[in-house]
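Notes for the structure review
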Amino acid sequence: MRRTLSLWVMLALFVALRANPGEAREEMSQEEQWTRSLVSAGLTASSVKRESLAGGLAHYTWKVRVGTGKYDAVTVHRVVREARPWIPARSSRAVFMVHGDLWGFVPAFLTNTCVSTMPEDRSVAAFLASRDVDVWGLDLRWVGVPEEEKDFQFMADWSLQTHVKDVGTGLALADVVRRLSGNGGDDRMFLLGWSRGATIGYAYLDGESQRPRAQRRVDGFVPMDMPVRFGPDAAQQRKWACERYKVLKADRVKGRTEGGLLGPAPGIPVRQIGWLADQYPNSASQLPVGLAGLPKPTNRQAAVIAAGDTAALLKPLQPITPGYHLAGSIPDTSGLPDKTAFTPEPTLFDYFQLAVPYQSLNEVVETEAQLCGLDVPYDDHLQDVKVPVLYIGAAGGVGRYGEYSTRLLGSTDVTHLIVRGRPEAERALDFGHADLFLARDARVRVWQPLFQWLQAH
């Protein structure tokens, strides 16, 4: 067996099920079997919840305690085709997805279930699951912090390492449940990380590479639109990262534990931008002039500019790459974003409203330190990571600037996919960071190549 812990879990479950010959297998529901097996593995998970989706798919969730604090919990998700209710169909490929800033698993990867303006079959998780890929993921701890919370000292010790540990817990749960369902074993589990989720993915693999092969869980890596280090040709981007690090580090020294590049409670203004654009699209925006670059943009224009010009949100700081943005746009005569190019505006406005209010600051500071070129404990063993890698970049997001990070790995099987529609000089208008999941043609340009790579590996 490749994973010793899971062998003992399965043995314990086998004994429990066979201890009383008169106890018929059908008397124990699938939910009860999963719960018992997770307890045997030392995972403190609440009862699983199931949501039926279109096309014979289902969405399962477990809330897992990962500490003693009030918010020390993560939600693990599974999207899978079912043979019948509560009985997932067997699959030989599985992927575990880690989201980035602002949006948890469902709005990031299962968007169609919470955005009414998106067709029911248009989300990357549903797309892959409908093709018999077993899709897993989690909500990081800060996703569960409610908007009414005002004291964030519990975030003081949360860091990239905290999230790496939680990803490991999610992967362990997925491994146990898949084995119980007749999957697992030598079937492959891929790790996909989008945005800061890719940073966490690199850090997870860095640590896992130092474990014996039998204790490793990841057999392939898909970082999406994020670097961990900048290459020799990106000195300007490294300088910008150092400037962001200096500002955020100063905030952390002053005692702030919550927030990010958009300041404290970063999700709340993003929600407001989306709500105003949705409810009062033609009213004059009350957002700061610096956001829009216009004296009186409408709420619709302000939302399009916020998605299409990240530099306008971060001033005086610079974004991670030149022209970086969430959603590509078409400019007006002044050169400012005027309408979205790839993602429908109603979908974008709904998406903004799904941003979670808070995020821990430490991981943002650590990420900027790493991008600045400073010493961090998360990339000391990247040369020991030798799993197949598919880097997917948005030409108007991080794009080609994420390719260098894959060269720091020891992997020899590395593929780069940059989704672009314009030359590099026009990256400010090209396919954006969130277009990878929201664009009208994301299924053809992003998800289908991802699926084909999963199949080939």
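Residues numbered from 1 in each chain as written. Predicted model: local features only at pLDDT ≥ 70, side-chain atom pairs only at ≥ 80, totals over all residues. Heavy atoms only, no water.

1. Observations regarding the packing of aromatic side chains
For clarity, the threshold we go by: For Phe, Tyr and Trp, rings pair up if their centres lie within 6.5 Å, where Trp contributes its six-membered ring, and each pair is then called stacked (planes under 30 degrees apart), edge-to-face (over 60) or tilted (otherwise). Helix and strand labels come from DSSP, where a helix needs a run of H or I of at least four residues and a strand needs a run of E of at least two; each type is numbered from the N terminus. Relative accessible area decides the class of each residue, using a 1.4 Å probe on protein chains only: under 20% of the type maximum gives buried, over 50% gives exposed, and in between gives partly exposed. Only when the NZ of Lys or the CZ of Arg is both within 6 Å of the ring centre and within 35 degrees of the ring normal is a charge said to sit over the ring.
Enumeration over the complete set of coordinates arrives at 19 aromatic pairs. On the numbers, 4.8 Å between centres and 45 degrees between planes, the contact of Tyr-71 with Phe-154 is tilted. Highlighted residues: Tyr-71 in the loop between β2 (57–65) and β3 (73–84) and Phe-154 in the loop between β6 (133–139) and α5 (160–180), separated in sequence by 83 residues. By relative accessible area, Tyr-71 is classed as buried at 11%. Here the aromatic rings of Phe-152 and Phe-154 are separated by 6.2 Å at their centres, their planes lie at 50 degrees, and the arrangement is tilted. Cation over ring: Arg-131 sits above Phe-127, and NZ or CZ is 3.8 Å from the ring centre. Directly above the ring of Tyr-401 sits Arg-400, whose terminal nitrogen or CZ lies 4.3 Å from the centroid.

2. Focus: the state of the cysteines
Applied cut-off: Only a pair of cysteine sulfur atoms within 2.5 Å counts as a disulfide in this structure description.
For the structure shown, the criterion picks out one disulfide. Two residues, Cys-242 and Cys-372, share a disulfide whose sulfurs are 1.9 Å apart. Disulfide Cys-242-Cys-372: torsion about the S-S bond near 95 degrees, hence right-handed. Of this pair, Cys-242 sits in helix α7 (residues 235–253) while Cys-372 sits in helix α13 (residues 362–372), placing them 130 residues apart in sequence. Its relative accessible area of 12% is what places Cys-372 among the buried residues.

3. Remarks on the layout of surface pockets
Under the convention used in this document: Whether a set of points on the 1 Å grid over the protein atoms alone is a cavity depends on a 1.4 Å probe fitting there but being unable to get out, while an open set qualifies as a pocket with protein on both sides within 12 Å along at least five of seven lines; lining residues are those with an atom within 4 Å of a point. Grid points are joined across faces, edges and corners, and a volume is the space filled by probe spheres set on the points. Under the convention adopted here, Pro, Cys and the residues Ala, Val, Leu, Ile, Met, Phe, Trp and Tyr are nonpolar, Asp, Glu, Lys and Arg are charged, and Gly plus all remaining residues are polar.
Quantified by volume, the largest pocket comes out at close to 790 Å³. Together, 36 residues line the largest pocket, and Leu-102, Leu-261, Leu-262, Thr-310 and Leu-314 are the ones closest to its centre. Of all the secondary structure elements, the ones that give two or more residues to the lining of the largest pocket are α8 (267–279), α9 (289–292), α11 (310–314) and α13. The class makeup of the residues in the lining of the largest pocket is 24 nonpolar, eight polar and four charged. The calculated volume of the second largest pocket comes to roughly 220 Å³. Lining the second largest pocket are 14 residues; nearest its centre among them are Val-106, Pro-107, Asp-139, Val-143 and Val-356. Of all the secondary structure elements, the ones that give two or more residues to the lining of the second largest pocket are β2 and α3 (105–109).

4. Topic: the side chain of Thr-61
Our working rule: In this description, contact between two residues means that some pair of their heavy atoms is separated by no more than 4.5 Å.
For Thr-61, the location among the structural elements is in strand β2. With sequence-adjacent residues up to four places away left out, Thr-61 is seen in contact with Ser-47, Val-48, Lys-49, Thr-75, Val-76 and His-77.

5. Things to note about unusual backbone geometry
Cis geometry is found at the peptide bond from Lys-315 to Pro-316, where omega equals 10 degrees. If you trace the backbone, Pro-316 turns up in the loop between α11 and β9 (329–331). One non-glycine residue, Ser-195, adopts positive backbone phi at about 60 degrees. Within the secondary structure, Ser-195 is located in the loop between β7 (188–194) and α6 (196–208).

6. With respect to the pattern of salt bridges
Keep this limit in mind: A pairing counts as a salt bridge when a side-chain nitrogen of Lys or Arg comes within 4 Å of a carboxyl oxygen of Asp or Glu.
Counting across every chain of the model gives 25 salt bridges. The partner of Arg-213 in a salt bridge is Asp-219, and the shortest N-O contact between them spans 2.9 Å. For Asp-219, a relative accessible area of 4% corresponds to the buried category. Among the salt bridges present, the one from Arg-427 reaches Glu-424, with a minimum N-O distance of 2.8 Å. Relative accessible area serves as the criterion here: at 25%, Glu-424 is assigned to the partly exposed category. In this structure, a network of salt bridges that share partners links the residues Asp-233, Arg-400, Arg-420, Glu-424 and Arg-427.

7. Quick word on helix α10 (residues 299–308)
Burial analysis of α10 places nine of its 10 residues in the buried class, the great majority of the element. Three or more residues of α10 are buried, namely Asn-299, Gln-301, Ala-302, Ala-303, Val-304, Ile-305, Ala-306, Ala-307 and Gly-308.

8. Section: the nonpolar core
We apply this condition: Here, nonpolar core refers to any group of buried Ala, Val, Leu, Ile, Met, Phe, Trp, Tyr and Cys residues whose side-chain atoms link them within 4.5 Å.
Judged by nonpolar contacts, the single largest core of 61 residues is most densely connected at Phe-109, Leu-128, Val-135, Phe-352 and Leu-436. By residue number, the principal contributor to this core is helix α16 (residues 442–456), which donates seven residues. Once you skip the residues sitting within four places of it in the chain, Leu-128 turns out to touch Val-95, Met-97, Val-133, Val-135, Leu-450, Phe-451 and Leu-454.

9. Some remarks on the packing of helix α2 (residues 30–40) against α5
For clarity, the cut-off: The axes are straight lines fitted to the C-alpha atoms, using for helices just the contacting stretch, and the angles between their N-to-C directions are given from 0 to 180°. What sets the label is the angle itself: under 35 degrees gives roughly parallel, over 145 gives roughly antiparallel, 65 to 115 gives roughly perpendicular, and the rest give oblique. Should the near helix be turned anticlockwise from the far one by less than a right angle, the crossing is left-handed, and should it be turned clockwise, the crossing is right-handed.
Interhelical geometry of α2 versus α5 gives an angle of 135 degrees and a closest axis separation of 10 Å. Comparing their axes, α5 and α2 come out oblique. Crossing of α2 over α5 shows right-handed handedness. Together, Gln-30, Gln-33, Trp-34, Ser-37 and Leu-38 of α2 and Leu-173, Val-176, Val-177 and Leu-180 of α5 make up the contact between the two elements. The residue makeup of the contact of α2 with α5, split by class, is six nonpolar, three polar and no charged.

Nothing here speaks to function; it is geometry throughout.
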